[in-house]
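Residues per chain, in single letters:
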Amino acid sequence: MLDVKDSLDRLEWTAEHHFLHIQNHHEFMRAWAIQFELAYTDFRTIQMVLQIDGSYHELLANFTAQYDKVYAYEYEFAAGGLDGFYAKYHEASDLESYQKAQESLREYISDIRGIMEQSLTEE
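Model, not experiment: these values are computed from the prediction.

**Some words on the overall build of the protein chain**
Stage number 1. In terms of helices and strands, the protein chain carries four helices and zero strands.
Stage number 2. Ordered by position from N to C terminus, the α and β elements of the protein chain give α-α-α-α.
Stage number 3. The C-alpha atoms of the protein chain give 15 Å as radius of gyration, which agrees with the globular expectation for 123 residues (14 Å, within 12%).
Stage number 4. Over its C-alpha atoms, taken along the principal directions, the protein chain stretches across nearly 50 × 25 × 20 Å.
Stage number 5. In the protein chain, which comprises 123 residues, the proportion classed as buried is 39%.
Stage number 6. In the protein chain, of all internal contacts separated by at least 6 residues, the share reaching a separation of at least 24 is 76%.
Stage number 7. Summing over all exposed atoms, the protein chain offers an accessible surface of approximately 7000 Å²; the carbon and sulfur share of this is 50%.

So this is what it looks like as structure tokens:
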């Protein structure tokens with residue numbers, strides 16, 4: 001498997017920090033938008049490496065589905081700021097679901113990191 005450590009690290013950091021940013025009702029800022037776009041690039045890089053390897057179809061499908069869940073929450077914030085986000089996700093259970101989604105995504109990232117590290121040591 002190709003080394004995508006930096007992409008894994010950045011995507012993990014972004015998922016956690018974007019959730020915390022929204023949870024703490026911080027306003028939208030330009031740096032957040034840039035991180036959002038770069039996280040998508042990191043996601044696609046990781047996804048492509050899993051596709052190229054071809055050995056982890058189920059992990060790829062689950063990782064993609066989990067990223068899509070997190071992306072939906074982040075997109076609402078990117079498109080509409082705090083007001084837009086909380087207009088759509090105004091229930092306490094919505095924020096809990098978002099938290100679980102980003103935690104689950106980070107678990108998949110950890111799994112991929114472990115596979116990648118093992119693969120690199122075997123080469």
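**So, empty space enclosed by the protein**
Stage number 1. Inspection of every chain in the model, using the stated rule, returns one cavity of 30 Å³ or more.
Stage number 2. The volume enclosed by the largest cavity comes to roughly 40 Å³.
Stage number 3. Lining the largest cavity are Leu 11, Thr 14, Ala 15, Phe 36, Ala 39, Tyr 67, Val 70, Glu 74 and Leu 105.
Stage number 4. Counting only elements with at least two residues in the lining of the largest cavity, the list comes to helix H1 (5-23), helix H2 (30-53) and helix H3 (57-88).
Stage number 5. Residues of the lining of the largest cavity, tallied by class, amount to seven nonpolar, one polar and one charged.

**Notes on the packing of aromatic side chains**
The way to describe two aromatic rings as a pair is by their centre distance and the angle between their planes.
Stage number 1. Taken as a whole and assessed by the stated rule, the structure comprises 18 aromatic pairs.
Stage number 2. Considering the side-chain rings of Phe 85 and Tyr 86, the 5.0 Å spacing of their centres and the 80 degrees angle between planes classify their relative orientation as edge-to-face.
Stage number 3. An aromatic cluster is defined as three or more aromatic residues linked by ring pairs; in this entry it consists of Phe 28, Trp 32, Phe 36, Tyr 40, Phe 43, Phe 63, Tyr 67, Tyr 71, Tyr 75 and Phe 77.

**What to know about the nonpolar core**
Stage number 1. Counting 32 residues, the largest nonpolar core has Leu 11, Ile 46, Leu 50, Phe 63, Phe 85 and Tyr 98 as its most contacted members.
Stage number 2. Where this core is concerned, the elements lending two or more residues are H1, H2, H3 and helix H4 (92-122).
Stage number 3. With nine residues, the single largest contributor to this core is H3.
Stage number 4. Residues in contact with Leu 11, not counting those within four places in the same chain, are Ala 39, Asp 42, Phe 43, Ile 46, Phe 63, Tyr 67 and Ile 109.

**Quick word on H2**
Stage number 1. Its 24 residues give H2 an end-to-end C-alpha distance of 35 Å, which sits within 8% of 34 Å, the value for a rise of 1.5 Å per residue.
Stage number 2. Turning to H2, its buried residues are Trp 32, Phe 36, Ala 39, Asp 42, Phe 43, Ile 46, Gln 47, Val 49 and Leu 50.
Stage number 3. The elements touched by buried residues of H2 are H1, H3 and H4.
Stage number 4. Just past H2, the residue Gly 54 takes up positive phi, approximately 80 degrees.

**Quick word on H3**
Stage number 1. An ideal rise of 1.5 Å per residue puts 46 Å on 32 residues; H3 reaches only 33 Å between its terminal C-alpha atoms.
Stage number 2. A maximum bend of about 130 degrees is found in H3 at Gly 80.

**Remarks on the side chain of Ser 7**
Stage number 1. Along the chain, the position of Ser 7 falls in helix H1.
Stage number 2. For Ser 7, a relative accessible area of 7% corresponds to the buried category.
Stage number 3. Discounting residues that sit within four places of it in the chain, Ser 7 has contacts with Asp 42, Thr 45 and Ile 46.

Reading guide: rules and limits
- Residues numbered from 1 in each chain as written.
- Predicted model: local features only at pLDDT ≥ 70, side-chain atom pairs only at ≥ 80, totals over all residues.
- Heavy atoms only, no water.
- Helix = DSSP H or I, 4+ residues; strand = E, 2+ residues; numbered from the N terminus.
- Rg over C-alpha atoms; globule rule 2.2 N^0.38 Å.
- Buried < 20%, exposed > 50% of the residue type's maximum accessible area, 1.4 Å probe, protein only.
- Contact = heavy atoms within 4.5 Å.
- Areas by Shrake-Rupley, 256 points an atom, 1.4 Å probe, with all protein chains shown as cover.
- 1 Å grid on protein atoms, 1.4 Å probe; cavity = no way out; pocket = protein on both sides within 12 Å on 5 of 7 lines; lining within 4 Å.
- Points joined across faces, edges and corners; volume = space filled by probe spheres on them.
- Nonpolar A, V, L, I, M, F, W, Y, C, P; charged D, E, K, R; others polar.
- Phe/Tyr/Trp six-rings, centres within 6.5 Å; stacked < 30°, edge-to-face > 60°.
- Core = buried A, V, L, I, M, F, W, Y, C linked by side-chain atoms within 4.5 Å.
- Expected span 1.5 Å × (residues − 1).
- Bend = angle between axes of the 7 residues up to and from the residue.

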